[in-house]
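Analysis of the macromolecular model
Chain by chain, the residues:
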Amino acid sequence: MRRTPLRRMRERVTGDDMLAVLNALANPHRLRVLAALQAEGRSYVSQLARRIGISRPLLHLHLQKLEAAGLVTSAFEVSEDGKALKFFTVADFSLTLSPAVLAEAAATLTVRDPKPNEQSN
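These numbers come from a predicted model, not from an experiment. Along each chain, numbering runs from 1 in the same order as the chain's sequence is written. Residue-level local features of this predicted model are given only where pLDDT is at least 70; pairs of side-chain atoms are given and counted only at 80 or more, and the full residue set underlies all totals for whole chains, interfaces and linings. Note that the side-chain values use all heavy atoms of the structure and ignore hydrogens as well as water.

Points about the packing of helix H3 (residues 28-40) against helix H5 (residues 56-68)
Two quantities define a packed helix pair, namely the angle between the axes and the distance from one axis to the other. Note on geometry: axes are lines fitted to C-alpha atoms, helical ones only across the stretch in contact, with angles between N-to-C directions running from 0 to 180 degrees. Put simply, DSSP marks the helices as runs of H or I at least four residues long and the strands as runs of E at least two long, and each gets a number from the N terminus on. Interaxial distance between H3 and H5 falls to 10 Å at its minimum, and their mutual angle equals 80 degrees. In terms of axis orientation, H3 runs roughly perpendicular to H5. Where H3 approaches H5, its residues His29, Arg30, Val33, Leu34 and Leu37 are matched on the opposing element by Leu59, His62, Leu63, Lys65 and Leu66. Residue classes follow a fixed rule: Ala, Val, Leu, Ile, Met, Phe, Trp, Tyr, Cys and Pro count as nonpolar, while Asp, Glu, Lys and Arg count as charged, and any other residue, Gly among them, counts as polar. Looking at side-chain class alone, the contact of H3 with H5 contains six nonpolar, two polar and two charged residues. Here is the rule for angles: anything less than 35 degrees is roughly parallel, anything more than 145 is roughly antiparallel, 65 through 115 is roughly perpendicular, and the remaining ranges are oblique. Only heavy atoms enter the contact rule, under which two residues are in contact if any of them lie within 4.5 Å.

Next up, the structure:
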């Protein structure tokens, strides 16, 4: 089983994990996806896309980002008419942000700093 950032966060927060989660949350569509899934309990892409009012391909990209960050989980189920549907659910997670947590995470970053000529003053 692939370990997602939030699963690792329960053990210890790394800077890379923190960035993945914060990056996933830094989009209004993804916040709406999480809110809709929290309200509904679970949903599949077509149903969720209609509810949120975005295209299925765009929603799928957002769901991939949320799943990679450990914020949602997915499972395939077969409908009554024999179609395989991928259902998404909000993962059980808790994220605490504090100066101490951020300092600990920053100490473990593996993301490289920009090259000197790429930095802005």
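So much for the structure itself; the text now carries on.
Re the pairing of strand E3 (residues 84-90)
DSSP calls a pair of strands paired once it identifies at least 2 bridges connecting them. Of the strand pairs in this sheet, strand E1 (residues 43-44) and E3 are connected by two bridges, and their pairing is antiparallel. Paired with tyrosine 44 across the strands is phenylalanine 87, a residue of E3. Pairing of strand E2 (residues 72-78) with E3, which is carried by seven bridges, proceeds in the antiparallel orientation. Along E3, the bridge assignment pairs serine 74 with phenylalanine 88. Between the end of E2 and the start of E3, which pair antiparallel, lie five residues, with glycine 82 showing a positive phi angle near 90 degrees.

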